[in-house]
Amino acid sequence: MVSIDAITAIANKELTDRLRSRWVLVIAITFALFTLAISYFGSAPSGMAGFRRLDATLASLTSLVTYFIPILALTLGAGIIIDERDRGTLDLFLSSPISFIDFLLGKFAGLVAAFTVSTIAGLGISGIIIIINTGIGAMKGYLIFMVNSILFGLTFLSLSFLISVIFEERSRVIAFTIFLWLFLAILYDLGLVGLLIVTKGGLGDLLFSILLLMNPVDIYRILNFLSLGESTVFLGLASVEFPGLMKAPLLWAISFVWVVLPMMASYYLFRRRYLK
Amino acid sequence: MLRVEDVSKNYNGIRALNSISFTIKKGETLGLVGPNGSGKSTLLKIIAGILRPSSGRVLMDDKELSEKDWIAYKGRIGYMPERVSFYDNLTGKETLRLFARLKGLKSFDLKILSGIISEEILNRRVGGYSKGMKQRLNLCQALLGDPDILILDEPTSGLDPVGTKEFYDIIASLKEKRPITIILSSHVLAEIEERVDRVAIIKDGSLKAIGGLSELYTGLNLPFKLSILPVSSLNGSLVDILKNEGAVEVTRRDNYIIATIAREDKMKILSLLMQKRDYFVDLTVIEPSLEEVFFGIH
């Protein structure tokens, strides 16, 4: 049975901790600065500066976020079990009359809150500035971008929990976190493009769709490009047409699965470690 | 009240605990002693419900605990781990509020805890606490909700002698107020010797002995000591008598004769000395310390 009070108490503690350590503030400011910089100087290579139309900016923002948010979310959550264990507080939680689910959901909810607050603050501030300079028409697209970015972050937060449960040593947590980020943000797409080249584009829509859906970074990219009415997406350095199967409701549903499945796996592994 | 039955625990092929069984009565204080790595903390964590045994079981009020029961059972215990640094960015009060909510408490009475840690300190962030303050906070969180069973893992670790005394004074005053069952572990034998009802000695994951101190040294047939202040002119005669009657060792310390006597000779020697009352001014029987019991087992 789930205890809402326990989950709320733990989540509240996590959020308070992040707020007081200024993590939320630093991330919000970083988001805002990066977003504004890309929005204003994104055309610098072609000798121009200034705020552009949102569709022109969003491709650059998507690239920024695909590198920034995964490493941010992974590092936020990957040490969650080890940190509690090293502090001695993990045993306090486990000796309290709460279930494993309460503990994991409470921790997750707290980090989701911290991440969401910092993302909304950072992207929100820059979004207001962009919209003021480019027109109200950009608002809907930017809001969809923000929602996609938050969902994207939750995926990696969920993966970070799984990492924190699997690995008991801090050095392994760090190493695997970096590896996972590199793999999903860069190497996977290089491999996918390579596969397309080798098969001369003959993968087939279904297989290609499945391969894209297996990487939350690609799901996020496609969602953003779809919102702009695009049918191509950057995989690594190559622009590739994505299959017609890729619709927003499917992508959101798969994103949700990407959040839920790692958390479920975390729960079962964590429970097994302490109940065996 | 609490029964541990044939509890064993394996970690990655290593046997951390080996078929441990004992019972603790309500209101009793049980001391768990043993060297580092003997399995004390593992056993305490099993009793606290943090870990499950690989085999065996823990029974509360003669009832084996199901998974659901464990959660209810944990509401009745207070667990104090050996080392907790808590959260630097939270105040002591916020920390206690967190763990109070986890125990299902809407609020907690600061007055009960004021003898342990002041409200002024509780209003400060834990990051600024000394080690002693953190240990007090640790004890406070264990006491939230008036637990029936208090499980203390090396509770005075890192405390200075003053802090140690104050800690045990707090425990003693708690026991005066209500019959709380306490299980505490320590590797500082002298510290818990006078403060527990029974001692359980653990070595290499096995329970070597359990009982009151007198039960243990009697059961182990350990020698005891006599401290005798002799009449000065009869000093040498008394030494000869003790040696002739089979004293294991006779030494002098200041003006006293210290004789080590085998347990089976206790009645004989004491009877003899009662007949030789003129030979000494003062006589004290010194039973083995917990440390001597501990090394007697090892």
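(A) Seen up close, the overall build of chain A. Each helix and strand counted, chain A has 11 helices and 2 strands in total. Ordering the α and β elements of chain A from the N terminus gives α-α-α-α-α-α-α-α-α-α-β-β-α. For chain A, the C-alpha radius of gyration of 20 Å lies close to 19 Å, the compact-globule estimate for 276 residues. Residues counted as buried form 52% of the 276 residues belonging to chain A. Relative to all contacts within chain A whose residues are 6 or more apart in sequence, the contacts with residues 24 or more apart total 78%.

(B) Geometry of the packing of helix α8 (residues 170-198) of chain A against helix α9 (residues 205-213) of chain A. All names here are of chain A. At their nearest, the axes of α8 and α9 sit 11 Å apart, and the two run at 170° to each other. With respect to α9, the axis of α8 lies roughly antiparallel. For the pair formed by α8 and α9, the contact residues are Tyr-188, Leu-192, Leu-195 and Leu-196 on the first element and Phe-208, Leu-211 and Leu-212 on the second.

(C) Quick look at the side chain of A:Asp102. Residues and elements named next belong to chain A. Relative to the elements of secondary structure, Asp-102 occurs in helix α6 (residues 100-134). Among the polar contacts made by the side chain of Asp-102, one reaches the main-chain amide nitrogen of Ser-3 at a distance of 2.8 Å. Excluding residues that lie within four positions of it along the chain, Asp-102 makes contacts with Met-1, Val-2, Ser-3, Ala-6, Ile-7 and Ile-10.

(D) Fine view of the packing of helix α6 (residues 131-143) of chain B against helix α7 (residues 161-177) of chain B. All names here are of chain B. Relative to each other, α6 and α7 sit at 15°, their axes nearing to 12 Å. Comparing their axes, α7 and α6 come out roughly parallel. Seen from above, α6 lies across α7 with right-handed handedness. Residues Arg-136, Leu-139 and Leu-143 of α6 form the contact with α7, whose own contacting residues are Glu-166, Phe-167, Ile-170, Ile-171 and Leu-174.

(E) Seen up close, the pattern of salt bridges. Considering all chains together, one arrives at 36 salt bridges over all chains under this definition. Within the structure, one salt-bridge network assembled from shared partners comprises A:Lys13, A:Glu14, A:Asp17, A:Arg18, A:Glu84 and A:Lys107.

(F) Highlighting the interface of chain B and chain A. Facing the 31 residues of chain B at the interface are 27 residues of chain A. Overall, the association of chain B and chain A removes approximately 2,600 Å² of surface from exposure, summing both partners, and the carbon and sulfur fraction of that is 59%. Counting the surface chain B buries against chain A, the share from its top three residues, B:Tyr87, B:Arg101 and B:Leu102, is 27%. Linking chain B with chain A are 3 salt bridges, by the criterion used here.

(G) A look at helix α3 (residues 92-102) of chain B. Of all 11 residues in α3(B), 8 are buried; the element is thus mostly enclosed. Listing the buried residues of α3(B) in full gives B:Gly92, B:Lys93, B:Thr95, B:Leu96, B:Leu98, B:Phe99, B:Ala100 and B:Leu102. Residues of α3(B) that are buried make contact with α1 (4-20) and α5 (89-94) of chain A together with α4 (110-113), α5 (119-122) and α6 of chain B. A positive phi of about 80° marks B:Gly104, the residue just after α3(B).

(H) Spotlight on the sheet that holds strand β4 (residues 55-60) of chain B. All names here are of chain B. The strand order across the open sheet built from 4 strands is β2-β1-β4-β5, with neighbouring strands paired in antiparallel fashion. Here the strands that pair on one side only, and so sit at the sheet edges, are β2 (14-24) and β5 (63-64). Sheet topology note: the β4/β5 ladder contains 2 bridges and is antiparallel. Across the sheet, residue Leu-59 finds its bridge partner in β5, namely Glu-64.

(I) Focus on unusual backbone geometry. For B:Phe86, which is not glycine, the phi torsion reads 55° and is therefore positive. Summarising the element assignment, B:Phe86 is placed in the loop between β6 (77-80) and α3.

(J) Molecular detail of the sheet that holds strand β3 (residues 29-33) of chain B. All names here are of chain B. Spatially, 6 strands are ordered β6-β7-β8-β3-β9-β10 in an open sheet, and the strand pairing comes out mixed. Whereas interior strands pair on both sides, the edge strands pair on one side only; in this sheet they are β6 and β10 (206-211). Along the sheet, successive strands turn relative to each other by an average axial angle of 15°, direction set aside. Relative to strand β8 (residues 181-186), β3 runs parallel, the two being bridged by 5 bridges. Within β8, the position partnered with Leu-32 by the bridge is Ser-185. Contacting β3, β9 (198-203) and β10, helix α12 (residues 290-297) crosses the sheet at an angle of about 35° to β9.

(K) Local environment of the packing of aromatic side chains. Counted by the stated rule, this structure contains 19 aromatic pairs over all chains. With a centroid separation of 5.0 Å and an interplanar angle of 80°, the aromatic rings of A:Tyr40 and A:Phe41 are classed as edge-to-face. Centre to centre, the rings of A:Phe100 and A:Phe270 are 5.3 Å apart; their planes meet at 90°, and the pair counts as edge-to-face. In this pair, A:Phe100 sits in helix α6 while A:Phe270 sits in helix α11 (residues 248-275), placing the two residues 170 residues apart along the sequence. Under the relative-accessibility criterion, A:Phe270 is labelled buried at 0%. Grouped by ring-pair contacts, the aromatic residues A:Phe93, A:Phe100, A:Phe103, A:Phe270, B:Phe86 and B:Phe99 constitute a single cluster.

(L) Geometry of the pairing of β2(B). Residue and element names in this part refer to chain B. Two strands pair when backbone bridges link them, and strand β1 (residues 2-11) and β2 are joined in this way by 7 bridges, in the antiparallel orientation. What sits directly across from Arg-3, in β2, is Thr-23. Once β1 ends, the chain turns through 2 residues before running back antiparallel as β2, passing Asn-12 with a positive phi of about 45°.

(M) Just a nonpolar patch on the surface, in detail. Together, A:Ile174, A:Ile178, A:Phe179, A:Leu182, A:Phe183, A:Leu187 and A:Leu190 line one region of the surface with nonpolar side chains, adding up to about 610 Å² of accessible area. Counting through the fold element by element, A:Leu187 comes out in helix α8.

(N) Expanded view of the side chain of A:Ser95. With respect to the helices and strands, the residue A:Ser95 is situated in the loop between α5 and α6. For A:Ser95, a relative accessible area of 6% translates into the label buried. Engagement of the side chain of A:Ser95 in a polar contact is seen with the backbone oxygen of A:Leu92, the distance being 3.1 Å. When residues no more than four places from it in sequence are discounted, the contact partners of A:Ser95 are B:Ala48, B:Ile50, B:Lys74, B:Ile77 and B:Tyr79.

Scoring rules and cut-offs
Residues numbered from 1 in each chain as written. Chains lettered and ligands numbered in written order. Predicted model: local features only at pLDDT ≥ 70, side-chain atom pairs only at ≥ 80, totals over all residues. Heavy atoms only, no water. Helix = DSSP H or I, 4+ residues; strand = E, 2+ residues; numbered from the N terminus. Rg over C-alpha atoms; globule rule 2.2 N^0.38 Å. Buried < 20%, exposed > 50% of the residue type's maximum accessible area, 1.4 Å probe, protein only. Contact = heavy atoms within 4.5 Å. Axes fitted to C-alpha atoms, helices over the stretch in contact; angles between N-to-C directions. Parallel < 35°, antiparallel > 145°, perpendicular 65-115°, else oblique. Polar contact = N/O pair within 3.5 Å; in protein donor to acceptor, adjacent residues only side chain to side chain. Left-handed = near helix turned anticlockwise from the far one by under 90°. Salt bridge = Lys/Arg side-chain N within 4 Å of Asp/Glu carboxyl O. Buried area = accessible area lost by both parts, 1.4 Å probe. Pairing = 2+ DSSP bridges. Phe/Tyr/Trp six-rings, centres within 6.5 Å; stacked < 30°, edge-to-face > 60°. Patch = residues over 30% accessible without salt bridge, like charges linked within 9 Å, V, L, I, M, F, W, Y side chains within 5 Å. Areas by Shrake-Rupley, 256 points an atom, 1.4 Å probe, with all protein chains shown as cover.

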